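# A structural walkthrough
If you want the building blocks of each chain, they are given just below.
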Amino acid sequence: MENKYKYFKRDISWLSFNYRVLLEALDERLPLYERINFISIYSSNLEEFYKIRVADHKAVASGATESDEESVQSARELVEEINREVNRQLDDRVRIYEQKILPALQKNHIIFYQDSHVEPFHQQFIKDFFKEEIFPYLQPVPVSKDKIVSFLRDNRLYLAIRLYPKEERKESPILESSRPPLYFVMKQPYAKVPRFIELPCHEKNHYLMFVEDIIKANLNLIFPGYDVESCYSIKISRDADILIDDTASSADLVAQLKKKVKKRKIGDVCRFVYDRAMPHDFLDFLVDAFHIHRDELVPGDKHLNLEDLRHLPNPSKSLHSPEKPKPMKLTILDEKESIFNYVARKDLLLYYPYHSFEHFIHFLYEAVHNPETREIMVTQYRVAENSAVINTLIAAAQNDKKVTVFVELKARFDEENNLATAEMMQAAGIKIIYSIPGLKVHAKVALIRRRGLNGEKIPSYAYISTGNFNEKTATLYADCGLFTCRKEIVNDLYNLFRTLQGKEDPKFTTLLVARFNLIPELNRLIDREIALADQGKPARIILKMNALQDPAMIDRLYEASEHGVQTDLIIRGICCLIPDQPYSRNIRITRIVDSFLEHARIWYFGNGGNPKVFMGSPDWMRRNLYRRIEAITPVLDPDLRNSLIEMLTIQLADNQKACRVDAKLQNIFKKRTPGTPAIRAQYTLYNCLCSNNAQQPKDQPAMPQ
């Protein structure tokens, strides 16, 4: 029997999210360089999307790999659909960049040259800069269909050049020359010269230029004796997924990763991006010479790799961005207050990046120097470079504490960093547990086990977070972290760590752990809301996550909607549930994109007026629910539970940065009703947290109107 329920395609839904990121570049209320940064984020996201998701579909479409989830034909059709949508979005990106961003820069006296033409007062500077700073690093390589061609490195910018020898040129135009053209490719010297060059000011204007445009303006110096007909930017994106034997032992897994990570940059081509102004015959030559498949062609802008815009110089003093919310330190946790002592009395909830991540570092530091600490146990998924967390754990080991760290080696794009950090910790005497065969461990948890000096029982401490133990992302991602010494949570967390060490099949009484008790409990919670709705009582679900993709759980939400359960989804990224259908009429989808990346996973179930609220690491995707170890805790402290409910309420009321996702995957901005206050959720939440803090931080930013 055919399922009456329908779903958005995962990757098309993700493209809708990434387009929402691009739309931030249109918001003239934002500082100009913040708008520019959103173009960079959009471009960077798209690059990774092609390297992983599109590369996987292409492998299936070509028959190179098999998939239980799609056929060769469906994979081909999906790649075509992805490329159509990306091309549509790139048209908008060009329009936003050229018609909105560049004029806004010019209005602020920043002239950003967009081609090789420069004003007369800059021409000599351009020539001199090229000769002195760029020319020594250029290596043009000839391209011929009949000979071995150079290898195009992953995500590196190249100039493809077509030229003719001057001595063979007839009186007729170059294109009518009897001799065929010559072709060259030339890699931009990204490691030697900045992508953006600041030129001398003129009158009251500042000037910027792409380094490739400086190269284009001086091609005659590179190819003396030739007439350069044309020059266009190109780049290759290569498959960055690492295929490893996921059932291998830890030692074999480490060996595989060390070997295969190095091959990431020479993977199969998944995208050939070219300047859409390139003539067809020029493109055809490159396609044949580099053995590019037609379905790998993606037209791009005149300037590629716009993710580099995050490094765009800001020469105008008038364009400095206003302050974003600064991480605040809680007055209840001043330098004289022990976090251990506070949490022994009451659970503690931190909201990053509004609260300082230094509180967590202090928590670990206190464990290092507490004589009653027996063991520190931590999971690590994505590790920051020069991490204070890691340094503190090493200090603990050197202070004769037992330290156990589970390191997930299969965290994509962080494999090398995680492995290097693990080896450094191991050398310091820390016990390292590597990835579990067949699973990823995505839980973000820490446990401080203590015992009195005379053997008496004293509180141990648990920490459950929605985000990684990473100081860098803690300033960029909006996450939550819960400290508690409740015995039921501490004991469950200890059982989880024993499971990670392969010591037992645990029973969890309070924590929800993916692959153990999570799915049954979620079904029970949804069933409870359905039963309330059937009795004519209020029934309510609010789910805040990064992604919702698992068909089984989506079906449960559809079912709940059909029974009248009012459901709000605050989903930043992928959402495969389709709203505005007969079976989803009671479900609404909100998407928030703003200064910080919404990353927290918070779940609310009305429960007949006695709400249950959970927080933890998983999204509702198949990989999270069935192929990973994830940890979710109920928030048992009434004050903290109400605080999270207030956060959800603020986000649902956002009328500045929130969009409603409709049945066509469009991002429909929520309108501010006349007479109602402006609510920009991230800033409103920050101001609420400030007011709840005993001491207001100085110079706290007001919410931009």
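Description of the structure in this document. (Residues numbered from 1 in each chain as written. Predicted model: local features only at pLDDT ≥ 70, side-chain atom pairs only at ≥ 80, totals over all residues. Heavy atoms only, no water.)

Looking along the chain, the bond that leaves Y352 and enters P353 is cis, with omega of 0°. Structurally, the position occupied by P353 is in the loop between β10 (348–352) and α10 (358–369). Positive phi, normally seen in glycine, also occurs at D400, with a value near 65°. Summarising the element assignment, D400 is placed in the loop between α11 (388–398) and β12 (402–407). Given the relative accessible area of 73%, D400 is considered exposed. Positive phi, normally seen in glycine, also occurs at N607, with a value near 55°. Position of N607 relative to the elements: it lies in the loop between β23 (601–605) and β24 (612–616). (Helix = DSSP H or I, 4+ residues; strand = E, 2+ residues; numbered from the N terminus. Buried < 20%, exposed > 50% of the residue type's maximum accessible area, 1.4 Å probe, protein only.)

Running from N to C, helix α1 (residues 10–23) and helix α3 (residues 72–107) cross one another at 5°; their axes reach a closest spacing of 10 Å. Between α1 and α3, the interaxial angle falls into the category roughly parallel. Of α3, the residues touching α1 (which contributes D11, I12, L15, S16, Y19 and L22) are L78, E81, I82, E85, V86, R88, Q89, D92, R93 and I96. Tallied by class, residues from the contact of α1 with α3 come to eight nonpolar, two polar and six charged. (Axes fitted to C-alpha atoms, helices over the stretch in contact; angles between N-to-C directions. Parallel < 35°, antiparallel > 145°, perpendicular 65-115°, else oblique. Contact = heavy atoms within 4.5 Å. Nonpolar A, V, L, I, M, F, W, Y, C, P; charged D, E, K, R; others polar.)

Enumeration over the complete set of coordinates arrives at 39 salt bridges. One salt bridge connects D154 with K51, and the closest N-O pair in it is separated by 2.4 Å. Here K51 lies in helix α2 (residues 32–61) and D154 lies in the loop between β2 (141–143) and β3 (158–165), a separation of 103 residues in the sequence. The pair D154 / K51 is uniform in exposure class, with both members buried. E229 is paired through a salt bridge with R162; the nearest N and O atoms lie 3.0 Å apart. Highlighted residues: E229 in strand β7 (residues 226–238) and R162 in strand β3, separated in sequence by 67 residues. A residue is classified by how much of its surface remains accessible, and E229, at 25% relative accessible area, is partly exposed. A single salt-bridge network, built from bridges that share partners, covers R20, E24, D27, R29 and K657. (Salt bridge = Lys/Arg side-chain N within 4 Å of Asp/Glu carboxyl O.)

Below, the discussion takes up the sheet that holds β23. Strands pair in a sheet through their backbones, by hydrogen bonds, and they do so in one of two ways: parallel or antiparallel. What the nine strands build is an open sheet, ordered β18-β26-β24-β23-β19-β20-β21-β27-β28; its pairing is mixed. Each edge of the open sheet carries a strand with a single partner, namely β18 (512–513) and β28 (667–669). Examined bridge by bridge, strand β19 (residues 540–545) and strand β20 (residues 566–571) share six bridges and lie parallel to one another. From the neighbouring strand, L543 faces β20, where its bridge partner is L569. The strands that helix α14 (residues 518–534) touches are β18, β19, β23, β24 and β26 (631–634); relative to β23, the one it contacts most, it runs at about 40°. (Pairing = 2+ DSSP bridges.)

A surface patch of like charges, here positive, comprises R374, R451, K457 and K487. Along the chain, K457 turns up in the loop between β15 (444–450) and β16 (461–465). (Patch = residues over 30% accessible without salt bridge, like charges linked within 9 Å, V, L, I, M, F, W, Y side chains within 5 Å. Areas by Shrake-Rupley, 256 points an atom, 1.4 Å probe, with all protein chains shown as cover. Lys, Arg positive; Asp, Glu negative; His and termini not counted. Charge placed at Lys NZ, Arg CZ, Asp CG, Glu CD.)

Tracing the backbone through its elements, the reader meets G481 in strand β17 (residues 477–484). Assessed through its relative accessible area of 0%, G481 is described here as buried. For G481 and F8, which are 473 residues apart along the polypeptide, the C-alpha to C-alpha distance reads 32 Å. Once residues lying within four places of it in the same chain are set aside, the contact partners of G481 are L348, L349, L350, Y352, Y463, I464, S465 and M615.

On to the pairing of β20. The side chains of a regular strand alternate, residue by residue, between the two faces of the sheet. Burial runs high along β20: five of the six residues are buried. Considered for its hand, the β-α-β crossover made up of β19, helix α15 (residues 551–562) and β20 is right-handed. Where β20 and strand β21 (residues 587–592) come together, four bridges link them in parallel fashion. Following the sheet pairing, I570 is matched in β21 by T590. (Right-handed = clockwise from strand over helix to strand, strands pointing away.)

It is worth spelling out the sheet that holds strand β5 (residues 196–202) at this point. Strand order in this open sheet of three strands is β1-β6-β5, and the pairing throughout is mixed. Each of the sheet's edge strands pairs with one partner strand only, and the pair in question is β1 (110–113) and β5. Each strand of the sheet is rotated relative to its neighbour by a mean of 25°, with strand direction disregarded. Pairing analysis gives five bridges linking β5 to strand β6 (residues 205–210), with the strands arranged antiparallel. Following the sheet pairing, E198 is matched in β6 by L208. Each of β1 and β6 is contacted by α3, which is oriented at about 135° to β1, the strand it contacts most.

A separate point is helix α12 (residues 415–427). Here α12 is 13 residues long and its end C-alpha atoms lie 18 Å apart, about the 18 Å a rise of 1.5 Å per residue gives. Listed in full, the buried residues belonging to α12 are E415, N418, L419, T421, A422 and M425. Seen along its axis, α12 keeps its buried residues to an arc of 165°; they face one direction. For α12, the exposed residues lying more than 90 degrees away from the buried face are E416 and A427. One or two residues past the end of α12 sits G429, with phi positive at roughly 100°. (Expected span 1.5 Å × (residues − 1). Arc of directions from axis to C-beta.)

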